[in-house]
Structure formats: C-alpha cells, structure tokens
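What follows is each chain in one-letter form.
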Amino acid sequence: MEQNPAFDKVSAIIERARAELIDLCLQLGNISSPHGQERDVGEAVLHWLKQYQIHGQLQFITQRSVNAVATMSGSGRGPSLIFNAHMDTGPELPADASEDARKLETAWVEGEMLFGKGMINDKAQLCAFMIAMSALRRAGVQLNGDLTLTAVASETGNPSIDEFQGIDFPGEGFGTKWLVDRGTVADYALVGETSGFGIVQAECGAAWFKIRVKGREVYTPRYERGASIQENPNAFAKAAHVIQAFEEWAIQYEKRETIEFAGGTIIPKAQIVEVRGGAGVGRPNATCDIFTDVRIAPGKNPLTVQRELAAAIGQVNLDFEISLFQYSRGHIAENAEPLIDAVRSAHRYLFGAEPPQPPSAETSMWRDLNVFNEIGIPSICYGPPRQRERLSGAQNRAMKIDDLVQATKVYALSAMILCGVQSSCPGH
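Definitions and cut-offs
Residues numbered from 1 in each chain as written. Predicted model: local features only at pLDDT ≥ 70, side-chain atom pairs only at ≥ 80, totals over all residues. Heavy atoms only, no water. Pairing = 2+ DSSP bridges. Helix = DSSP H or I, 4+ residues; strand = E, 2+ residues; numbered from the N terminus. Axes fitted to C-alpha atoms, helices over the stretch in contact; angles between N-to-C directions. Contact = heavy atoms within 4.5 Å. Buried < 20%, exposed > 50% of the residue type's maximum accessible area, 1.4 Å probe, protein only.

1. Things to note about the sheet that holds strand β5 (residues 113-115)
The antiparallel open sheet is built from three strands, whose spatial order is β4-β5-β17. Taken across any chain shown, the strands that pair with only one partner, and hence form the sheet edges, are β4 (108-110) and β17 (398-400). For this sheet, the mean angle separating the axes of adjacent strands, direction not counted, is 30°. Sheet topology places β4 next to β5; three bridges connect them, and they run antiparallel. The residue of β5 that forms the bridge with E110 is M113. Here helix α12 (residues 401-419) sits on the sheet and contacts β4, β5 and β17; the angle it forms with β17, its principal contact strand, is near 70°.

Listed below in structure tokens is the structure:
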C-alpha cells in the first residue's frame with residue numbers, strides 16, 4: 001500500500017506513547033470495577049482525556065454504575081464513529097477467593113506481557129482507544145466525522161432470576177443499551193475486544209433457561225427409591241438424569257447450529273452453570289433447579305430452542321418445567337462494509353497482510369456490538385489476541401504489549417479512514 005504521511009505521523013506518536021499506554025493500563029486496571037461499580041474508572045477516563053482537550057461526561061445508571069462518554073467533534077462532513085469498550089470486569093469476588101483470583105483482578109506487567117482479567121476484558125482495549133484519540137489530537141488531525149469514546153458499564157452483568165433481581169442484575173450489555181437509549185449514537189460503532197486481530201462481524205445471542213425438576217419431600221427414614229427413576233421421589237436423583245439429557249442435547253445442538261459465513265465460524269454452545277435446591281440443608285427439597293446458558297445463532301427464536309430442549313428432556317419422562325429468564329439477540333452486522341473496509345485497510349497498512357479470520361469463540365459469544373447492530377448502527381469488533389497464562393482456569397488472561405500497541409494504531413487509522421480527514425491536516 002502507498003505510504004501515507006498522516007498515517008505514519010499518528011503511528012509514530014502511538015509508538016512513542018508505548019510507556020504512556022502501559023501506565024494507563026496499570027492505572028485503570030488496578031481500579032476495582034465489578035459490574036455495577038464502574039464510577040471510579042469512568043471518572044479516571046474522563047480526567048485523563050481532559051489533558052488532551054477531549055471532554056465528556058458521566059452518564060449515571062446508579063450512583064456507583066456509570067457510562068463515560070467523550071467526543072472529539074468533527075467538521076460535520078463525514079461519518080461518525082463510536083469507539084466502545086466496557087469498564088466492568090465481572091462479578092465481585094467472594095470473600096473466600098483464592099490469592100490467584102485476587103491477583104487476576106489487578107493488572108501487572110511481566111517482561112513484554114500485560115496480565116489481568118480486567119485488562120483483557122476489557123480495559124486494555126479501552127486504554128488503546130484513549131491513546132488512539134490522544135494521538136489524533138497530538139498529530140493535529142481534524143476528522144470530518146465525530147469520534148466518540150463510550151466506556152460502558154455492565155457488559156458482563158448477571159441476569160435477574162429468583163432472589164437476584166433489579167438493576168444490579170441487568171444481564172449482558174446493559175450499559176450499552178442504556179447508552180443508546182439516551183441518544184449516544186453514531187453512524188458506525190467499533191467495539192474494542194480481543195479478536196486475534198480478526199474482524200468480528202457477528203455474535204451469538206444468549207438464552208438463559210431455568211429447568212425445575214420436581215420430586216417430593218420425603219423424610220430420609222421413610223425414603224424409598226422405587227424400581228425406576230420415575231418412581232424415585234428425590235428431585236436431585238431425577239435431576240442427574242435431566243443433566244445427562246441436557247448434555248446429550250447440547251452436543252448435537254452445537255453441531256447442528258454451527259454456521260459458516262464470510263466473517264468466520266459461529267458455534268453456538270450450551271452448558272449448565274448452576275444447580276440449586278431449597279434454602280436450607282436440614283430437610284429434603286421437593287425441587288431441584290438447573291440453570292443453563294445457551295448461545296443461539298443470529299436470527300434463531302429462543303422459544304424454538306426452548307421447545308427443542310424441552311422435547312429432549314421430556315424423553316426422560318420426568319416431571320419438570322422450563323422457563324426462559326434472560327434473552328439477548330445475536331446479530332450479523334449489516335451495512336457495515338465502510339467500517340469493515342476501514343479496519344481492514346488500517347490493518348493491512350500496518351501489518352502488510354489481510355486480517356486473519358477471528359477465532360470461532362470470538363464470533364460465538366455475546367458482545368456489545370449486538371446492541372448497536374440491533375438498533376441499526378453497523379458494528380464490528382477488533383482487537384489483539386489473548387495469550388496463555390498460568391493463574392486462571394481460562395489460561396488466557398494475558399496479551400503482548402506489542403499487540404496492544406499495534407491495535408491502538410489500527411484504531412486510530414480506522415477512524416481517519418472512516419470519518420475522513422480534512423485536507424489541511426498535517427501530512428496531507
């Protein structure tokens with residue numbers, strides 16, 4: 001690709017800001033922000049941006065849960081773009097959390113690697129957006145379209161069910177839904193998340209089902225198992241058969257629902273996430289509740305999935321009921337070609353090659369681009385790869401600093417390509 005002096009100038013500024021990027025990651029990464037408690041990070045984001053004359057405001061959901069929104073105004077003659085990343089890092093740790101789990105809630109550097117659960121998901125990408133915007137400002141770039149940073153709350157929010165109700169249990173993507181409902185919109189939205197440097201053009205939906213297995217409360221000395229599981233009164237013994245039926249269904253569901261499309265492979269998966277009985281352990285429980293997380297292909301009706309699952313469990317011939325308690329739609333981005341082309345061009349300029357296909361896991365989860373695509377704002381996701389580490393069960397809570405720097409450059413150049421740059425910009 002022909003050399004572009006403006007691109008080179010912005011890229012050089014970002015390269016020189018490497019230490020600043022690391023410091024910013026460590027600063028934000030070491031501010032605790034479980035979902036519903038993002039205010040301290042939001043305030044830090046706006047304070048940092050102000051030094052580069054990028055001004056914004058907090059958008060309050062509760063007194064402790066906020067979105068932070070900041071805009072670099074364009075000339076009004078180009079498409080507008082949202083940089084979106086989330087500040088929340090998951091649920092608050094329990095009191096008995098291990099030392100490794102507590103360490104992963106922080107951020108630290110070892111050699112050329114950046115570590116931390118909240119870093120990977122998603123503050124490193126948030127910091128990359130901030131550095132990208134500051135580099136455009138430092139380079140004297142005047143965009144034609146507005147560029148808005150949205151640092152959002154509760155992307156990872158837990159769903160509401162049973163005694164866990166209300167705004168503290170909002171489900172995934174609540175912060176971005178709050179954002180767009182209050183008028184923070186643009187022509188396009190680029191979501192910063194890990195993607196292996198691939199362009200994520202689609203995400204699954206998420207359907208959460210509660211399966212209640214019914215038995216009878218029987219005093220243990222009077223407990224008789226009967227000749228079959230159908231005769232057994234114990235709800236937990238019955239639930240074991242329901243769990244096995246679910247697993248068999250989930251294996252076939254994953255194979256049946258896999259979608260190959262131009263942007264990669266979508267593999268909707270399903271698993272059991274919790275099993276609960278009654279409030280105490282002093283007496284037998286008459287019911288056993290099984291909670292499941294089922295990812296569903298874009299366009300798939302969750303009630304169809306519910307009926308399929310009910311039919312599979314029904315073959316066990318036990319008394320149960322199934323209910324849908326959380327649903328978020330999945331989408332394949334439509335009319336996103338200008339944004340896709342911008343990110344692809346920026347990646348090609350910096351790497352000298354086309355972006356790879358994203359890993360299937362990255363196109364098979366739920367992310368905030370679904371919120372934007374649902375309301376008609378074409379949205380995709382792009383970010384650096386994850387790297388292996390030894391502290392977490394996932395073993396992917398790390399990234400190369402070099403990769404984050406490169407992603408920062410892609411973000412900045414993508415904004416220049418999509419939004420357009422005034423011809424009087426230095427280097428043009």
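On we go.
2. Describing the environment of A135
Tracing the chain through its elements places A135 in helix α5 (residues 117-138). Overall, A135 belongs to the buried group, its relative accessible area being 0%. Spatially, the C-alpha atoms of A135 and A412 are 7.7 Å apart, while their sequence positions differ by 277 residues. Here A135 is in contact with V10, I13 and I14, once residues within four sequence places are set aside.

3. Here's the deal with unusual backbone geometry
At S154, a position not held by glycine, the phi torsion is positive, near 50°. For S154, the position within the fold is in the loop between β6 (147-152) and α6 (174-181). A positive phi angle, near 65°, is found at F197, a position not held by glycine. Tracing the backbone shows F197 in the loop between β7 (188-192) and β8 (202-203). With relative accessibility at 8%, the residue F197 sits in the buried group.

4. Notes on the sheet that holds β6
What the six strands build is an open sheet, ordered β1-β2-β6-β3-β7-β16; its pairing is mixed. The open sheet is flanked by β1 (55-60) and β16 (379-382), the only strands paired with a single partner. When the angles between neighbouring strand axes are averaged without regard to direction, this sheet yields 20°. On the sheet, α5 packs against β2 (66-72), β3 (81-86), β6 and β7 and is oriented at approximately 145° with respect to β3.

Distances and angles like these do not, on their own, reveal function.
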